[in-house]
Amino acid sequence: MERSHLKPDNRISSDFFEELLADDFIEFGSSGGVSYKKDCIGEDGVGVRDLSLNDFEISLLSSDVVLATYRVKDKTRQQDTLRSTIWKFRDGRWQMFFHQGTIVKP
């Protein structure tokens, strides 16, 4: 699921983010800004960039909550970020509840 929201077609799909993100989703972005679900659903979605994911790990926090941590290489912006996501299992599916990106110093 983490890889799915890095795909260009998904990053511009309001329908995709409507399903993926919990209604109470919040993100602390690598830009220093805070975003909510409503900010990710729109004409351009979250924008297309050339992204790759590595060093992926999952920690089970409870039977219906997991923490995913990983690195993203953003070739578009020429930067690497550390990422963390909290996923919750609700209404028969996993949804992204919290996401944070932190820029890695060169």
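Residues numbered from 1 in each chain as written. Predicted model: local features only at pLDDT ≥ 70, side-chain atom pairs only at ≥ 80, totals over all residues. Heavy atoms only, no water.

**Q** Hey, could you go over the nonpolar core for me, with residue numbers and the actual values?
**A** Counting residues in hydrophobic clusters, the biggest one holds ten residues: Phe 16, Phe 17, Leu 20, Leu 21, Phe 25, Cys 40, Val 66, Ala 68, Trp 87 and Met 96. Secondary structure elements with two or more residues in this core: α2 (14–20), β1 (21–28) and β4 (65–74). Residue contributions to this core peak at three residues, all from α2. Counting five residues, the second largest nonpolar core, distinct from the first, contains Leu 6, Leu 51, Tyr 70 and Val 72. (Core = buried A, V, L, I, M, F, W, Y, C linked by side-chain atoms within 4.5 Å. Buried < 20%, exposed > 50% of the residue type's maximum accessible area, 1.4 Å probe, protein only. Helix = DSSP H or I, 4+ residues; strand = E, 2+ residues; numbered from the N terminus.)

**Q** Explain the side chain of Asp 74 to me, and be specific about the residues and the numbers.
**A** In this fold, Asp 74 is placed in strand β4. Here the side chain of Asp 74 touches Thr 76 through a polar contact of 3.0 Å, landing on its backbone nitrogen. In this structure Asp 74 touches Arg 49, Asp 50, Leu 51, Gln 79 and Asp 80, once residues within four positions along its chain are discounted. (Polar contact = N/O pair within 3.5 Å; in protein donor to acceptor, adjacent residues only side chain to side chain. Contact = heavy atoms within 4.5 Å.)

**Q** Lay out the packing of aromatic side chains with the relevant residues and their values.
**A** A complete count under the given rule lists four aromatic pairs for this structure. Lying over the aromatic face of Phe 97, Lys 88 brings its terminal NZ or CZ to 3.6 Å of the ring centre. (Phe/Tyr/Trp six-rings, centres within 6.5 Å; stacked < 30°, edge-to-face > 60°. Lys NZ or Arg CZ within 6 Å of the ring centre and 35° of its normal.)

**Q** Quick rundown of the pairing of strand β6 (residues 93–103)? Include the residues and the values.
**A** Note that β1 and β6 share four bridges and pair parallel. Across the sheet, the residue bridging to Ile 26 is Phe 98, located in β6. Judged from the ten bridges that link them, strand β5 (residues 79–90) and β6 form a sheet pairing that is antiparallel. Note that in β6 the partner of Arg 90 across the bridge is Arg 93. The antiparallel pairing of β5 with β6 creates a hairpin that spans two residues between the two strands, and Asp 91 there sits at a positive phi of about 50 degrees. (Pairing = 2+ DSSP bridges.)

**Q** Run through the environment of Phe 56, naming residues and quoting values.
**A** In this structure, Phe 56 sits in strand β3 (residues 51–62). In this structure Phe 56 comes out as partly exposed when scored by relative accessible area, which is 34%. Here the alpha-carbon distance between Phe 56 and Thr 69, two residues 13 residues apart in the chain, equals 5.8 Å.

**Q** Provide a residue-level description of unusual backbone geometry, including the pertinent values.
**A** Despite not being glycine, Asp 55 has its phi angle at roughly 55 degrees, a positive value. Position of Asp 55 among the secondary structure elements: in strand β3. The phi dihedral of Asp 91 is positive, around 50 degrees, even though this residue is not glycine. By the element assignment, Asp 91 lies in the loop between β5 and β6.

None of the figures reported here should be taken as evidence of function without further support.
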